[in-house]
There are 2 protein chains.
Amino acid sequence: MESRCENCIIRQFNSLRAMSKEELKKVSDTKTTKKVKKGEPIFQEGEKLNGVFCVRDGVSKLSKLSANGKDQIVKLATKGEVLGQRSVIAEECTNLSAIAVSDMEVCFIPKESINTTLQKNPNFTLEVLRHMAHDLKEADDVIVNMSQKTVKQRIAEAFLYLKNNFGEDDDGFLALTLSREDISNVVGTATESAIRIISEFKKKGLIHTSGKKVGIKNERKLVELVEGF
Amino acid sequence: MESRCENCIIRQFNSLRAMSKEELKKVSDTKTTKKVKKGEPIFQEGEKLNGVFCVRDGVSKLSKLSANGKDQIVKLATKGEVLGQRSVIAEECTNLSAIAVSDMEVCFIPKESINTTLQKNPNFTLEVLRHMAHDLKEADDVIVNMSQKTVKQRIAEAFLYLKNNFGEDDDGFLALTLSREDISNVVGTATESAIRIISEFKKKGLIHTSGKKVGIKNERKLVELVEGF
DNA sequence: TTAAAAATATGACATTTATCAGTTCTTGTT
DNA sequence: AACAAGAACTGATAAATGTCATATTTTTAA
């Protein structure tokens, strides 16, 4: 059967590729595969995770509830990414919720498999470390964007990000469709403000929309906007 | 002499404690100690680092220049923290500048010592990984604060953070004194806005000031403010 | 298919924050 | 001690963003 980790291509994109044949076999024997419908949670902020989730298909938003009751989306995770790693490694409850933004297929890998490999396979640990170093750098960038760019710039950037990371469909719309609320939670603004700016972008010919779908029409101008004209 | 890593207490607070006796000896033989005056850089954004810096004394701000020419301070690093780890591990140029906020003493450890230990000592790698996992969580929190809290709340939180992490002096002022500009760069706002809010806090009896020094007068109210009453 | 619910959109207005211009206070230097 | 340079501060005003109310469209489910 093709659902053995040893044969899974997804693995090539994450730290699991540093596992040995035997380690992978063990993982494969203990893992379980699970389908998650759009809108359903994979896990919730504050939960104690018994393992990590490897995304085989679909996209998940990683978000954190703020004191004022709004969710802040910290990251969008797609095919190949491993969710819950941070909290399993730090042996803490997770600080983020993971909710499916599209229908998903994820593999659950019990933390024991991860932990014993971390203890025994320095290459694996190093690989995980490198991934986390990368995530940390991205988080730094997000901090700077959040505090130094205007909402308009952040929304423009979000669209460019969606295009670069998830591509476009045949009709030229962004392949990943987010609700206006999700967009506002990515850039950290009020939903109405996001909607207003999206309308403005449309009027100015930077994007085109159809329902909640958004397509990029003038990428150059969007880039200029992000960089401050 | 007491400047050998094996005897350095600072080490207890960071991932170096997971090194073996021999590894520490090697580190100690290759490390160099350096004094950095307040305001001087340890390294600058974009530099390629040939090693990491272990903070023995003093405080450094880690910041990133934004497109609009303002610095965003991402973290304040103090005694025991290791700077430059992320970029050495990811083998990338550093994404942050490190500038001394008070007079400092740091040890430079060449990356070779770090890398060989990462290859050979899984415990060390795991320890570094745990630290980075912690940093990542903190970064997530900062993102949420930046996007969901008002400037007023962020400044209040910054003062509480400074008290909790650096303590107070004998006269009840925060032990770490930051310029108004640095404060504004921590919370991501214009210097004038930060000053205005600090004046307001003073009028309301939440803090007291003397020159650039700030002391917390009513911690409870500050906490309430951060949490949104 | 249609009614109800949810999401999107828009307007009016309040609030927050940035910007610019200028003054006063500190600090370090000679 | 005097002065220059840089911080800190204040006011006036503009710009950005949030909030609330309401209309319209889209989606969902009976």
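Residue numbering note: each chain is counted from 1, following its sequence as written. Lettering for chains starts from A, numbering for ligands starts from 1, and both go in the order in which the items are written. Totals for whole chains, interfaces and linings use every residue, but because this is a predicted model, local features are given only for residues with pLDDT of at least 70 and side-chain atom pairs only at 80 or more, for both listing and counting. Only hydrogens and water are removed before side-chain values are computed, so all heavy atoms of the structure are retained for them.

As recorded in an unreviewed UniProt entry, chain A goes by the name Crp/Fnr family transcriptional regulator, listed as coming from Flagellimonas hymeniacidonis.

Take the pattern of salt bridges next. All names here are of chain A. Salt bridges are defined by distance alone: a side-chain nitrogen of Lys or Arg within 4 Å of a carboxyl oxygen of Asp or Glu. Tallied over the entire structure, the rule returns 40 salt bridges over all chains. The residue Lys75 makes a salt bridge to Glu138 at a minimum N-O spacing of 3.8 Å. Pair noted here: Lys75 is in strand S5 (residues 71–77) and Glu138 is in helix H4 (residues 122–148), with a separation of 63 residues, a long-range link. One salt-bridge network, in which partners are shared between bridges, spans Lys75, Glu81, Asp135 and Glu138. Secondary structure is summarised from DSSP: a helix means a run of H or I of at least four residues, a strand means a run of E of at least two, and numbering begins at the N terminus for each.

Attention now goes to the UniProt feature "domain: Cyclic nucleotide-binding" (unreviewed entry) in chain A. UniProt positions are given in the numbering used here, feature names are shortened, and annotations may be inferred rather than shown by experiment. Here the UniProt feature "domain: Cyclic nucleotide-binding" (unreviewed entry) sits at residues 15–135 of chain A. Helix makes up 33% of residues 15–135 of chain A and strand 34%, whereas the separation of the span's terminal C-alpha atoms amounts to 13 Å.

In this text, near means that some heavy atom of the residue lies within 4 Å of the molecule or strand in question. Lining the immediate surroundings of DNA strand C are 15 residues, of which Arg180, Arg196 and Ser199 of chain A together with Thr189 and Ser193 of chain B lie closest. Sugar plus phosphate: this is where 53% of the atoms of DNA strand C within 4 Å of the protein reside. In the analysis that follows, any N or O atom pair within 3.5 Å is treated as a polar contact, provided that within protein one partner can donate a hydrogen and the other can accept it, and provided that, for residues neighboring in sequence, both atoms belong to side chains. Contact between DNA strand C and Val151 of chain B: a phosphate oxygen at 2.9 Å from a main-chain N or O atom of the residue. At 2.9 Å, a side-chain N or O of Ser193 of chain B approaches a phosphate oxygen of DNA strand C. The set of elements that each furnish at least two residues to the surface near DNA strand C consists of helix H6 (180–187) and helix H7 (191–203) of chain A together with helix H7 (191–203) of chain B. Looking at which element gives the most residues to the surface near DNA strand C, the answer is H7 of chain A, with four residues. Put simply, Ala, Val, Leu, Ile, Met, Phe, Trp, Tyr, Cys and Pro go in the nonpolar bin, Asp, Glu, Lys and Arg in the charged bin, and everything else, Gly too, in the polar bin. Classifying every residue of the surface near DNA strand C gives three nonpolar, five polar and seven charged.

Strands are treated as partners if at least two bridges between them are detected by DSSP. With antiparallel pairing, the four strands of this open sheet are ordered in space as S2-S7-S4-S5 (chain B). Each edge of the open sheet is held by one strand with a lone partner, namely strand S2 (41–43) and strand S5 (71–77) of chain B. Along the sheet, successive strands turn relative to each other by an average axial angle of 30°, direction set aside. Contacts are residue-level and defined by heavy atoms, with any inter-residue pair within 4.5 Å sufficient. Convention adopted: a line fitted to C-alpha atoms gives each axis, helices being fitted over their contacting stretch, and angles between N-to-C directions are expressed from 0 to 180 degrees. Across the face of the sheet, H4 of chain A comes into contact with strand S4 (60–65) and S5 of chain B while running at roughly 130° to S5 of chain B. Strands S4 and S5 of chain B of the sheet are contacted by helix H6 (residues 180–187) of chain B, whose axis makes an angle of about 95° with S5 of chain B.

The next point concerns the nonpolar core. One finds Ile42 and Leu83 of chain A together with Ile42 and Leu83 of chain B to be the most contacted residues of the largest nonpolar core, which totals 88 residues. Sequence-distant contacts of Ile42 of chain B, defined by excluding residues within four places in its chain, comprise Lys34, Val36, Phe53, Ser60, Leu83, Ala98, Ile99, Met104 and Val106 of chain B. Among buried residues, those of type Ala, Val, Leu, Ile, Met, Phe, Trp, Tyr and Cys that are joined through side-chain atoms within 4.5 Å constitute a nonpolar core. Note on exposure labels: buried denotes an accessible area under 20% of the residue type's maximum, exposed denotes more than 50%, and partly exposed covers the range between, all computed with a 1.4 Å probe on protein chains only.

The feature "domain: HTH crp-type" (unreviewed entry), as annotated in UniProt, sits at residues 149–220 of chain A in this numbering. For residues 149–220 of chain A, the end-to-end C-alpha separation is 18 Å, with 54% helix and 11% strand making up the annotated structure.

Residues and elements named next belong to chain B. Three or more residues of helix H1 (residues 21–30) are buried, namely Glu23, Leu24, Val27 and Ser28. Along the axis of H1, the buried positions cluster into a sector of 135°, meaning they face one direction only. Residues Lys21, Glu22, Lys26 and Asp29 are exposed on H1 and point more than 90 degrees away from its buried face. Summarising the contacts, the buried residues of H1 are in contact with strand S8 (104–110) and helix H3 (111–120). It is the directions from the helix axis to the C-beta atoms whose arc is reported.

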